[in-house]
Amino acid sequence: MKTIHGIQYLRAAAALAVVFFHAAEKTGHHFTIGAAGVDVFFVISGFIMWVISDRRPVKPLEFIRDRARRIVPVYWLATAVMVAGALAGLFPNLVLSLDHVLASLFFVPARSPSSGEVWPVLVQGWTLNFEMLFYLVFAGSLVLPRNWRLPAMSGLFLALVIAGRVATFDGALMLTYTRPIILEFVAGMIIAEFWLKGRVPPLAVGSALLACSLGGFALIGLLALPFDELITGPLAVLLVLGVLSLEANGCVRRVPLPALLGDASYSIYLWHTFAISVVAKVALEIDLGAPATMFMAVLSGTLIGVAAYMMLERPLMRRGNARRVAGGLAGRAAE
């Protein structure tokens, strides 16, 4: 599939927003709006999956296998580092239990024995529980005729959200999967369907949508306003629409550094908190100062993610792609 550079840059921006959010938490700054990077990720995920499946039709099991190869190995490794660190006493606030570790590894929402929150061992992995739900539903929809897939998935996710509004759930599973945030995947797929049909907002409209989105995020951040996915979700949708309008009108070119950060966004998201924690502890020991600590935390969190992408994620992806190509050639030879 031809790279959509604007989407790559949004992936980079979303990952960096989360890095800034966690760095600010550790250094006494205020940047809670950075958490909205997750909303952007979810809209992008819906968009990418819909476009990819349209241009390269796949069977359900093949889709799940491809997604697992992309997501699972690096996530399991990051989780293993957390578990090893906790056993070594490096994370004194992290309480481990076998049930919680297994739930974390297999993307099952469960309450953490450390805090009681519905978090996995690697806290930022909570978003992957939603991603895996989306992938499973998406894979199931592939058995349907194409024109039925989007309505079926939209109906299911909407029904879950409505159930969460009219009923009271105590279990971690239903508390998680009835949140309105799951509709961001649907929004991304709807945007993708319009993109595939060439129905993109004209440049003036797209620029206005982009300005509204960025203005909304900035207003929330500057005024420290409360927010949730009901606010940041629509802003993320406007952001993606605006960027795609610029892309369709030839206003987006490939720039190496943002492109690299977009490629590395998953690894940045998974690994940045390790570096931020180390920087925060060292800064406290040497009395570095809050601004310098914030800068070093963001820089180190980003760099460790890029390094993990180069040394772990990319080689694993290449190995998986090579196996997939070899399997495809072997299948054709057997026909």
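Placed above this text is the structure.
Residues numbered from 1 in each chain as written. Predicted model: local features only at pLDDT ≥ 70, side-chain atom pairs only at ≥ 80, totals over all residues. Heavy atoms only, no water.

Student: Explain the pattern of salt bridges to me, using residue names and the numbers behind them.
Tutor: A complete count under the given rule lists 8 salt bridges for this structure. Between aspartate 66 and arginine 69 there is a salt bridge, and its shortest N-O distance comes to 3.9 Å. Separated by 3 residues within a single helix, aspartate 66 and arginine 69 lie in helix α3 (residues 60-87), roughly one turn from each other. Given a relative accessible area of 11%, aspartate 66 falls into the buried group. Through salt bridges with shared partners, a single ionic network connects Asp54, Arg146, Glu193 and Lys197. (Salt bridge = Lys/Arg side-chain N within 4 Å of Asp/Glu carboxyl O. Helix = DSSP H or I, 4+ residues; strand = E, 2+ residues; numbered from the N terminus. Buried < 20%, exposed > 50% of the residue type's maximum accessible area, 1.4 Å probe, protein only.)

Student: Give me the side chain of threonine 293: which residues, what numbers.
Tutor: Note on placement: threonine 293 falls in helix α13 (residues 290-334). With near-sequence residues (within four places) excluded, threonine 293 lies in contact with Thr27, Val279, Ala280, Ala283 and Leu288. (Contact = heavy atoms within 4.5 Å.)

Student: Can you break down a nonpolar patch on the surface residue by residue, with the values?
Tutor: Residues Val278, Val282, Ile286, Leu288, Phe295, Met296, Leu299 and Leu303 make up a contiguous nonpolar surface patch of about 720 Å² in total accessible area. Of all the secondary-structure elements, those providing two or more residues to the nonpolar patch are α12 (265-286) and α13. With 4 residues, α13 is the largest single contributor of residues to the nonpolar patch. Along the chain, phenylalanine 295 turns up in helix α13. On the basis of relative accessible area, phenylalanine 295 is assigned to the exposed category, the value being 53%. (Patch = residues over 30% accessible without salt bridge, like charges linked within 9 Å, V, L, I, M, F, W, Y side chains within 5 Å. Areas by Shrake-Rupley, 256 points an atom, 1.4 Å probe, with all protein chains shown as cover.)

Student: How would you summarise the nonpolar core if you had to cite specific residues and measurements?
Tutor: Core analysis: the largest hydrophobic core is formed by 94 residues, its most contacted members being Phe47, Phe138 and Leu270. With 11 residues, helix α2 (residues 37-55) is the largest single contributor of residues to this core. Those residues within four positions of phenylalanine 47 in sequence are excluded, and the remaining contacts are Ile4, Ile7, Gly188, Met189, Ile191, Ala192, Trp195 and Leu244. (Core = buried A, V, L, I, M, F, W, Y, C linked by side-chain atoms within 4.5 Å.)

Student: Mind laying out helix α4 (residues 98-105), listing which residues take part and the relevant values?
Tutor: Restricting attention to buried positions, one finds in α4 the residues His100, Val101, Ala103, Ser104 and Leu105. On the buried face of α4, the contacting elements are α3. Of the residues one or two after α4, phenylalanine 107 is the one with positive phi, at around 60°.

Student: Before we move on, could you go through the packing of aromatic side chains and cite the residues and values that matter?
Tutor: A full pass over the atoms with the stated rule returns 16 aromatic pairs. With a centroid separation of 6.2 Å and an interplanar angle of 65°, the aromatic rings of phenylalanine 47 and tryptophan 195 are classed as edge-to-face. Of this pair, phenylalanine 47 sits in helix α2 while tryptophan 195 is found in helix α8 (residues 183-196), placing the two residues 148 residues apart along the sequence. By the burial criterion, phenylalanine 47 is buried, and tryptophan 195 matches it. An aromatic cluster is present here, built from Phe42, Trp50, Phe63, Trp126, Phe130, Phe134, Tyr135, Phe138, Tyr177 and Phe185 joined pairwise through their rings. Across from the ring centre of tyrosine 135, 5.4 Å away, lies the NZ or CZ of arginine 67, which sits over that ring. (Phe/Tyr/Trp six-rings, centres within 6.5 Å; stacked < 30°, edge-to-face > 60°. Lys NZ or Arg CZ within 6 Å of the ring centre and 35° of its normal.)

Student: Outline the side chain of histidine 272, supporting the account with residue identities and numerical values.
Tutor: Checked against the element boundaries, histidine 272 lands in helix α12. Within polar-contact distance, the side chain of histidine 272 engages the backbone oxygen of isoleucine 268 at 2.9 Å. Residues within four places of histidine 272 in sequence aside, it is in contact with Val18, Val19, His22, Gln124, Gly301 and Ile304. (Polar contact = N/O pair within 3.5 Å; in protein donor to acceptor, adjacent residues only side chain to side chain.)

Student: Let's hear about the environment of glycine 262: which residues, and what values?
Tutor: Among the structural elements, glycine 262 can be located in helix α11 (residues 256-263). In this structure glycine 262 comes out as buried when scored by relative accessible area, which is 0%.

Student: Describe unusual backbone geometry, with residues and values.
Tutor: The residue alanine 224 is not glycine, and still its phi comes out positive at about 55°. A positive phi angle, close to 55°, is found at aspartate 287, a residue other than glycine. Locating aspartate 287 in the fold gives a position in the loop between α12 and α13. The exposure class assigned to aspartate 287 is exposed, which follows from its relative accessible area of 67%.

Student: Lay out α3 in plain terms, naming residues and giving numbers.
Tutor: Along its 28 residues, α3 runs 38 Å from first to last C-alpha, staying within 8% of the 40 Å computed at 1.5 Å per residue. At alanine 68, α3 shows its strongest bend, of approximately 35°. Glycine 89 sits one or two residues past α3 and shows a positive phi near 85°. (Expected span 1.5 Å × (residues − 1). Bend = angle between axes of the 7 residues up to and from the residue.)

Student: Got a sec to walk through the state of the cysteines? Specific residues and values, please.
Tutor: What is meant by a disulfide is a covalent connection between two cysteines, made through their sulfur atoms. Per the stated rule, a full pass over the model turns up 0 disulfides. For cysteine 212, which is in no disulfide, the shortest distance to another cysteine sulfur is to cysteine 251 and amounts to 17 Å. On the accessibility criterion, cysteine 212 (49% relative accessible area) is partly exposed. (Disulfide = S-S within 2.5 Å.)

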